[in-house]
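Structural features, examined
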Amino acid sequence: MAVTGVFMSAVADTHAQDHHHGPAKGLSRWLLTTNHKDIGSMYLIFSFTMFLLGGAMAMVIRAELFQPGLQIVQPEFFNQMTTMHGLIMVFGAVMPAFVGLANWMLPLMIGAPDMALPRMNNWSFWLLPCAFLILVSTLFMEGGAPNFGWTFYAPLSTTYGPPSTTFFIFAVHIMGVSSIMGAINVIATILNMRAPGMTLMKMPLFVWTWLITAFLLIAVMPVLAGVVTMMLMDINFGTSFFDASGGGDPVLFQHVFWFFGHPEVYIMILPAFGAVSHIIPAFSRKPLFGYASMVYAVGAIALLSFVVWAHHMFTVGIPIVGQLFFMYATMLIAVPTGVKVFNWVATMFRGSLTFEAPMLFAVAFVILFTIGGFSGLMLAIAPADFQYHDTYFVVAHFHYVLVPGAIFGIFASAYFWLPKWTGHMYDETLAKTHFWLSFIGMNLAFFPMHFLGLAGMPRRIPDYALQFADFNMVSSIGAFMFGATQLLFLLIVVKCVKGGKEAPAKPWDGAEGLEWTVPSPAPYHTFATPPEVK
Amino acid sequence: MRVHAQRAGALLGGLMFPAWSMADWTLNMTPGVTGTSNDIFSLHMTILWICVAIGVVVFGVMFWSIFAHRKSQGAKPANFHENTMVEILWTIIPFAILVVMAIPATATLVDMYDTSESEVDIKVTGYQWKWQYEYINEDFGYFSNLSTPREQIDNRQAKGENYLLEVDNPLVIPVGKKVRFLLTANDVIHSWWVPDFGVKKDAIPGFINETWTRVDKPGTYRGQCTELCGKDHGFMPVVVEAVPEEEYNAWVAEKKEAAERERQLTEKDWTMAELMERGEKAYQTACAACHQPNGQGAPPAFPSLVGTQVVTEDMAAHIDIVVNGVSGSAMQAFGNQLSEVDLAAVITYERNAWGNNTGEMVTPKEIFDYKNQQ
């Protein structure tokens, strides 16, 4: 039942009227647009630009860590690179990519003509380049960019932060406003604009995961805004929220930050869960196994994500009862996450599988995200975390959930829907090359980090003891390979936009959903008359 | 000539392939030398094998599907999409595994938190970028700085065996005794970690954290700061020497005596040359990380000391900054970090080095009086 039973009527009527008003001409099309497809494309282009910028910083980091000793950059600049790499990847690359996918696909999936609040949609996008212009400009300020890690722990980021910290805070505020408006838009669209007959439990999973993600965003982005505002007050207005010498508490910073930070990691992965739940059934030619349990699992993960934040703080000295609570709660997350993985595998089981690029990325997503989940489970064991905490084991863990998790999820989605966006098929050979080089590069870069962490290498250091040299060199080589490969993706997309084999309305024979009922490329206006879902 | 060539070759080799002589492909955590670290190691191995087992089953089914259920092999898709029994089972079984894991984890954690009945108490204070160890029952303490030469870090010299993991004054503890650590920090958050002990705890300004260890095997154990604490976060190692009890007692007695001698030095009449010589050493350990060995600093965070107002004009202001620090900046209060002799020597050195030739000096006694006035 559920998604698979979805079909619609009246396609022909809808598209007969589409040619009345096309896009405006020139720059004003992009500056003033309220069209969800234009805004979606802008989000995706912005996200990829940031991905390359944040990636370039990762290349600087890996080049410095290629050998022991200081060769390329000094520690001050190294710390700016790790900080900016994290901030840009989280807030500039991953989050906007999913908002771009949401903009493009949510209205098409639920049979709506556009997002519910199109002007706000325009504004939420255009705030982002402003925020990142400010953030990136700190690199050129006196004293340099923020250098206290993307987690910006006080008092390193307050009393001891560089003068540019205030600009960083302003940038975070603007990003937060953008995210919150985007989330409101997603919720309003999904709750109000579904085609007649599409009940909640008939919604495609990408819609479900984004609905839940949007609630997470609305819940935690204000918390982030709160914590940076407290920093702003400490730095510029003489308060002492996080300054022990004035009666404040540096640990309070971490509690507030991670109350935002942990749901944030699910914000970066849940939409990928949704997308993969479309792609695996499509290329297995078999309905998704356990639709209902998938929905409940995402809901459970989202709820649990609010009560596990202190597992990032096992070594700060919280009382043992707190320690035990956060350990148990964190371990519990493995249950719904496991359900999702089992469901994906059960979907593939006894299917009729083909391995086009979206499927390759989706299968790699399941395997490698699960490995990241395993190391996450190990990190949840509080006593063992005393050894893992703040070592490269943690770096390996979160790169395994974010690179083959979030990023591979985004690549899988991009290849899956590129024919719908551009009207052309992408070059399958190049896309498979992109996949295999990314897959090998990524594992070469991040798997040895597990070993480094277990051998005792702390994270965020520009230079290291000699016993860590070999794996660091391997890791750097893998990172260079992964980084260079992403230029290939740019080439593939440009090629696909410019031309290629004409894509039919439904290029994947196993795909399901309303988005495949409109022609490829999707006309500028779709579903002016809502389709009917039975 | 030949000797020179050999040395040059060795240096070049060391610079280009610093790692290969120490090649190390360690894959796993080591069990360490304490009860805690052994408990952690066995938890780590248990959970690792559980993950491997789950992985084998899940990926096994997946790879089977990938090989056997391919369209190109003529596979026809089945049409099932739910099975309540299976779904309940794969919710309950993982939950049961988690409960089994949680039991030993809880026991280990309770043990790690039991800091009672310690025999030696040491206060560990994190500074940017060094550790201070104070033996609170014995009334002495000292700083522990990185001792790897700058030339090795900058690749001008071959790297030594314990590159970045060596200090001037290691922490010394007796074997077979329960040692309690009280951790705090002076500036930002640091984290004190010795992997072999299974001990890691954050050192937080304004707070005191507790942890403990009992080491039975004498030896030298090395670790590092693990919480990002600024520019030289990667350069503040932890080195602990665990020694037999007699040796420990002798060492404590010697340290106490040395502390007494240091106090007496304040009374001595110092000449300019003596202060300059001592000042240069103290400057290189305490000040050079920020203000650079040549005094040029790294503005704006770390101001230059060459020809600037503070070090060439008002002496009282200079003493005040060094002793009390500048609040709201990275300049620490060195009043409690350095002895009166070192404070006087550093200030005298700064006022006369790098062409700052003021010709002025300040004596340890003056510093002593200045501190007592406050």
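Residues numbered from 1 in each chain as written. Chains lettered and ligands numbered in written order. Predicted model: local features only at pLDDT ≥ 70, side-chain atom pairs only at ≥ 80, totals over all residues.

A few words on the sheet that holds strand E10 (residues 237-243) of chain B. Residues and elements named next belong to chain B. With mixed pairing, the five strands of this open sheet are ordered in space as E4-E10-E9-E6-E7. The open sheet has two edge strands, strand E4 (171-174) and strand E7 (199-203), and neither has a second partner. Taken over all neighbouring pairs, the strand axes of this sheet differ in orientation by 25° on average, direction set aside. As judged from the five bridges shared by strand E6 (residues 190-194) and E7, these two strands associate in the antiparallel manner. The partner of Ser-191 across the bridge, within E7, is Asp-202. (Pairing = 2+ DSSP bridges. Helix = DSSP H or I, 4+ residues; strand = E, 2+ residues; numbered from the N terminus. Axes fitted to C-alpha atoms, helices over the stretch in contact; angles between N-to-C directions.)

All names here are of chain B. Across the sheet, which stays open at both edges, the five strands sit in the order E3-E2-E1-E5-E8 with mixed pairing between neighbours. Two strands bound the open sheet, and with one partner strand each, they are strand E3 (140-144) and strand E8 (209-213). With direction set aside, neighbouring strand axes in the sheet form an average angle of 25°. One ladder, built from seven bridges, connects strand E1 (residues 120-127) with strand E5 (residues 179-185); its direction is parallel. Note that in E5 the partner of Asp-121 across the bridge is Arg-180.

Contact with chain A, which involves 84 residues of that partner, is made by 84 residues of chain B. Per-element tally for the side of chain A that touches chain B: the top contributor is helix H12 (residues 334-348) of chain A, with eight residues. Here the side of chain A that touches chain B is composed, by residue class, of 51 nonpolar, 24 polar and nine charged. (Contact = placed C-beta atoms within 7 Å. Nonpolar A, V, L, I, M, F, W, Y, C, P; charged D, E, K, R; others polar.)

Look at helix H13 (residues 357-380) of chain A: 34 Å from first C-alpha to last across 24 residues, which is about the 34 Å you get at 1.5 Å a residue. Most of H13(A) sits inside the fold, with 23 of its 24 residues counted as buried. (Expected span 1.5 Å × (residues − 1). Buried ≥ 20, exposed ≤ 12 C-beta atoms within 10 Å, placed from the backbone.)

Residues and elements named next belong to chain A. Two elements in contact, helix H9 (residues 270-284) and helix H15 (residues 392-422), have axes separated by 9 Å at closest approach and are oriented at 45°. With respect to H15, the axis of H9 lies oblique. As H9 runs across H15, the sense of the crossing is left-handed. Only Gly-405, Ala-406, Gly-409, Ile-410, Ala-412, Ser-413 and Phe-416 of H15 make contact with H9, whose side of the interface consists of Ala-272, Ala-275, Val-276 and Ile-279. Looking at side-chain class alone, the contact of H9 with H15 contains eight nonpolar, three polar and no charged residues. (Parallel < 35°, antiparallel > 145°, perpendicular 65-115°, else oblique. Left-handed = near helix turned anticlockwise from the far one by under 90°.)

All right, on to the domain arrangement of chain B then. When cut into domains, chain B gives domain 1 (35-112), domain 2 (120-262) and domain 3 (268-373). The centre of domain 1 of chain B, based on its C-alpha atoms, is set 61 Å off from the matching centre of domain 3 of chain B. (Domains from an automatic or database assignment.)

Here the focus is unusual backbone geometry. The amide bond that connects Ser520(A) to the next residue, Pro521(A), takes the cis arrangement and shows omega of -5°. Its location among the elements puts Pro521(A) in the segment after helix H17 (469-498). The omega torsion of the bond from Gln128(B) to Trp129(B) falls at 0°, within 30 degrees of zero and hence cis. You can see Trp129(B) is positioned in the loop between E1 and strand E2 (130-135). Phi at Phe152(A) is positive, roughly 30°, even though this residue is not glycine. Inspection of the secondary structure puts Phe152(A) in the loop between helix H5 (118-137) and helix H6 (165-192). On the neighbour-count criterion, Phe152(A) (25 C-beta atoms within 10 Å) is buried. Positive phi is not limited to glycine here, since Glu117(B) has a value of about 55°. Summarising the element assignment, Glu117(B) is placed in the loop between helix H3 (84-112) and E1.

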